[in-house]
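Fold and contact review
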Amino acid sequence: MTLQQEIVGNAMQMAVVSLQPGQTVYCEAGKFLFKTPNVTMETRLSGPSGNGGQQQGGGGGMGGLLRQAMGTAMQAGQRALAGESLAFQYFTAEGGAGTVGFAGVLPGEMRALELDGTRAWFAEKDAFVAAESTVEFGIAFQGGRTGMSGGEGFILEKFTGHGTVIIAGAGNFIDLDPADFGGRIEVDTGCVVAFEEGIQYGVQRVGGLNRQGIMNAVFGGEGLSLATLEGSGRVILQSLTIESLANALKKAQGGDKQGPTGGLFSTHAG
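Residues numbered from 1 in each chain as written. Predicted model: local features only at pLDDT ≥ 70, side-chain atom pairs only at ≥ 80, totals over all residues. Heavy atoms only, no water.

Our focus in this paragraph is the sheet that holds strand 14 (residues 184–187). Pairing is antiparallel in the open sheet, where three strands are placed in the order 14-17-16. Two strands bound the open sheet, and with one partner strand each, they are strand 14 and strand 16 (200–205). Direction aside, the axes of adjacent strands within the sheet are offset by 30 degrees on average. Strand direction decides the pairing type here: strand 16 and strand 17 (residues 225–230), joined by six bridges, are antiparallel. (Pairing = 2+ DSSP bridges. Helix = DSSP H or I, 4+ residues; strand = E, 2+ residues; numbered from the N terminus. Axes fitted to C-alpha atoms, helices over the stretch in contact; angles between N-to-C directions.)

This is how it looks when you write it as C-alpha cells:
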C-alpha cells in the first residue's frame with residue numbers, strides 16, 4: 001500500500017500520515033507528534049526488515065532467537081556510533097483507518113521520497129523522520145578521509161526498499177541535478193540534506209595553502225572544505241545549516257562575550 005501523507009505548515013512543517021487498516025509506519029524516537037486512538041504504538045530497538053515490519057525469526061529455537069538478538073544489537077550499535085536514536089517507534093492502524101503526525105527537530109521543510117527498489121537514498125544524520133515499514137533504514141560510512149574532512153559527510157542515513165520515506169531539514173529546500181551544471185556542484189558541507197544513489201559524494205579543500213585559501217577558511221565561513229556532488233541524479237540542499245543556526249542563537253544570547261574558542265572557555269556568566 002502506498003503511504004498516504006500530507007506535509008503541512010510553513011516555517012516548521014509536519015507530516016500527517018493516513019494509515020489503512022493493518023498498515024504500519026515507523027519513525028525515529030522523538031519525531032512523533034500525535035495519533036488517533038486506534039493507532040497502536042510500539043517501541044523497538046530493531047529496525048524494519050523490509051517485509052512489512054514483521055520481525056524475522058532467523059530460524060527456529062534458540063539459534064534463531066540468538067541470531068535475531070545479535071542482528072538487533074548490531075543495528076543499535078551502528079546507530080549509536082552514528083549518533084542516532086537507539087530506538088524506533090512503530091505505529092499500526094487497527095480496526096479501521098487511522099492518522100499519525102510527525103515532525104523534524106529544526107524549523108524547516110520536509111520532503112516525501114518515493115523508493116521503487118532501483119535506487120537507494122542517502123541523507124544527512126537526523127534527516128530521517130518516518131517511513132513505511134517496507135523501507136529499510138541503514139547507516140552508510142563514507143570513508144575516513146572524506147568523512148573526517150567533511151564533518152557531516154562521514155556517516156549518512158541510507159534508505160532502501162519500496163515505499164515512502166519522509167525526511168526533514170533546516171530552512172528551505174532546493175532540488176538540483178549536478179548533470180544540469182556540467183556534472184558537478186560544490187556546496188557547504190552542512191547544506192547537503194539528501195541525494196540519490198549514483199551521485200558521487202566527496203570533499204575538497206577550499207583553495208590552496210596560500211593567502212587566499214587561508215582567508216577563505218578563516219573568514220569565509222565555510223571552513224577548510226566543501227562538499228562535492230557529481231553525476232546525474234536528484235540532490236536536495238537546505239538553506240540553513242545547523243552551525244549557522246547555532247551561531248545565531250549564541251550571538252543572540254550574548255555570544256560576543258564568549259572567548260575565542262567558545263563553549264568550554266566561554267566568559268559569558270549567564
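Next, the rest of the story.
Moving on: the pairing of strand 2 (residues 14–19). Residues Ala15, Val17 and Leu19 point to one face of strand 2 and are all buried, whereas Met14, Val16 and Ser18, pointing to the other face, are not buried. With five bridges connecting them, strand 1 (residues 4–8) and strand 2 associate as antiparallel partners. By the bridge assignment for strand 2, Val8 is matched with Met14. Linking strand 1 to strand 2, which pair antiparallel, is a turn of five residues; within it Gly9 sits at a positive phi near 100 degrees. (Buried < 20%, exposed > 50% of the residue type's maximum accessible area, 1.4 Å probe, protein only.)

Attention now goes to the packing of aromatic side chains. On inspection of all chains with the given rule, the structure shows twelve aromatic pairs. When the ring of Phe128 is compared with that of Phe137, the centres are 5.1 Å apart and the planes differ by 55 degrees; the resulting orientation is tilted. Cluster of aromatic residues (ring-pair linked, three or more members): Tyr26, Phe88, Tyr90, Phe128, Phe137 and Phe159. (Phe/Tyr/Trp six-rings, centres within 6.5 Å; stacked < 30°, edge-to-face > 60°.)

Position of Gln238 relative to the elements: it lies in strand 18 (residues 235–238). For Gln238, a relative accessible area of 4% corresponds to the buried category. In this structure the side chain of Gln238 is engaged in a polar contact, spanning 2.8 Å, whose partner is the backbone nitrogen of Ala170. Excluding its chain neighbours within four sequence positions, the residues that come into contact with Gln238 are Glu124, Gly169, Ala170, Asn172, Phe173, Gly190, Cys191 and Val193. (Polar contact = N/O pair within 3.5 Å; in protein donor to acceptor, adjacent residues only side chain to side chain. Contact = heavy atoms within 4.5 Å.)

Tracing the chain through its elements places Glu196 in strand 15 (residues 192–196). By relative accessible area, which is 17% here, Glu196 ends up buried. If we skip the residues at most four places from it in the chain, Glu196 touches Arg119, Ala120, Trp121, Gly233 and Arg234.

On to the environment of Thr118. Position of Thr118 relative to the elements: it lies in the loop between strand 8 (110–116) and strand 9 (121–123). For the pair Thr118 and Gly161, spaced 43 residues apart in sequence, the C-alpha separation works out to 8.1 Å. Within polar-contact distance, the side chain of Thr118 engages the side chain of Asp116 at 2.5 Å.

So, about the nonpolar core. Counting 21 residues, the largest nonpolar core has Tyr26, Phe128, Phe159, Val165 and Ile167 as the members making the most contacts within it. Among the elements of the structure, strand 6 (88–93), strand 8, strand 9, strand 10 (128–132), strand 11 (135–141), strand 12 (155–168) and strand 15 are those that each provide at least two residues to this core. No other element matches the four residues that strand 12 contributes to this core. Beyond its immediate stretch of four places on either side in the chain, Ile167 contacts Glu109, Met110, Arg111, Leu113, Ala127, Val129, Phe159, Val193, Ala194 and Ile236. Of all hydrophobic cores here, the second largest spans 16 residues; its members include Leu19, Ala93, Val100 and Phe102. (Core = buried A, V, L, I, M, F, W, Y, C linked by side-chain atoms within 4.5 Å.)

A few words on the sheet that holds strand 4 (residues 32–35). Within the open sheet, the four strands sit side by side as 1-2-7-4. Their pairing is antiparallel. Strand pairing shows two members of the sheet lacking a second neighbour, strand 1 and strand 4, which therefore form its edges. Put simply, the sheet's adjacent strands are angled 20 degrees from each other on average, direction ignored.

Another point: the confidence of the model for the chain. Of the residues in the chain, 69% have a pLDDT of 70 or more, and the chain-wide mean is 79. Note on residues 258–270: pLDDT is under 50 here. Beyond four places in sequence and across chains, it has eleven contacts. (pLDDT = per-residue confidence, 0-100.)

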